[in-house]
Amino acid sequence: MDILKQPIITEKVSAMNEKGVYGFIVEKTAKKPEIKNAVEKTYGVKVVSVRTMRYAAKSKTRYSKSQIVSGFTNSFKKAMVEVAEGDVIDFYGEV
């Protein structure tokens, strides 16, 4: 089971990156210590704190020519990780 699914790259989170806070979409069952260990192991940085948020699925409806299609978006868990001062995570280094 991979705890870190993908980094969050938005304007809001990119502005927080300058302050040492990075966002990740993580496994729904992951606990804060597990997230901390995964980030430290993957990126080689010292994690100061971890904040987590769970997002519920939202209902969506789409109208097509033949029918109305109803469904849900995916639910997910987001983690905001604060690293020690001076440490940097480079998401674009491999691109």
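For the structure, see preceding data.
Worth saying up front: this structure is predicted, and the values here are computed from it rather than measured.

The rules we used
- Residues numbered from 1 in each chain as written.
- Predicted model: local features only at pLDDT ≥ 70, side-chain atom pairs only at ≥ 80, totals over all residues.
- Heavy atoms only, no water.
- Pairing = 2+ DSSP bridges.
- Helix = DSSP H or I, 4+ residues; strand = E, 2+ residues; numbered from the N terminus.
- Axes fitted to C-alpha atoms, helices over the stretch in contact; angles between N-to-C directions.
- 1 Å grid on protein atoms, 1.4 Å probe; cavity = no way out; pocket = protein on both sides within 12 Å on 5 of 7 lines; lining within 4 Å.
- Points joined across faces, edges and corners; volume = space filled by probe spheres on them.
- Phe/Tyr/Trp six-rings, centres within 6.5 Å; stacked < 30°, edge-to-face > 60°.
- Buried < 20%, exposed > 50% of the residue type's maximum accessible area, 1.4 Å probe, protein only.

Draft legend 1. Structural detail: the sheet that holds strand β1 (residues 4-7). Across the sheet, 4 strands lie side by side as β1-β2-β6-β3; this open sheet has antiparallel pairing. The open sheet has two edge strands with one neighbour each: β1 and β3 (47-55). In this sheet, adjacent strand axes meet at a mean angle of 30° when their direction is disregarded. Sheet topology note: the β3/strand β6 (residues 76-83) ladder contains 8 bridges and is antiparallel. Note that in β6 the partner of Tyr55 across the bridge is Phe76.

Draft legend 2. Main features of the layout of surface pockets. Of the pockets and cavities examined, the largest pocket occupies roughly 160 Å³. Forming the boundary of the largest pocket are 11 residues, of which Asp2, Leu4, Lys5, Thr42 and Tyr43 lie nearest the centre. Contributions of two or more residues to the lining of the largest pocket are made by β1 and α2 (32-43). With 4 residues, the single largest contributor to the lining of the largest pocket is β1.

Draft legend 3. Molecular detail of the packing of aromatic side chains. This model, assessed by the stated rule, comprises 5 aromatic pairs. Look at Tyr43 and Phe91: their rings are 6.0 Å apart centre to centre, the planes differ by 85°, and that puts the pair in the edge-to-face class. Of the two residues, Tyr43 sits in helix α2 while Phe91 sits in the segment after β6, which places them 48 residues apart along the sequence. Each ring, one from Tyr55 and one from Phe76, has its centre 4.8 Å from the other, and the planes form 15°; the classification is stacked. Linking Tyr55 in strand β3 with Phe76 in strand β6, this pair joins segments that are 21 residues apart in sequence. Among the residues examined, Tyr55 registers a relative accessible area of 34% and is labelled partly exposed. Three or more aromatic residues joined by ring pairs form one cluster here, namely Tyr22, Phe24, Tyr43 and Phe91.

Draft legend 4. Broad picture of the pairing of strand β2 (residues 21-26). With respect to burial, β2 is a largely interior element, 6 of its 6 residues being buried. Judged by which residues are buried, β2 turns out to be covered on both faces: Val21, Gly23 and Ile25 on one side and Tyr22, Phe24 and Val26 on the other are all buried. The pairing of β1 with β2 spans 3 bridges and is antiparallel. Counterpart to Leu4 in the pairing with β2 is Val26. Both β2 and β6 contribute to a ladder of 6 bridges, which runs antiparallel. Bridge pairing in β6 links Phe24 to Ala79.

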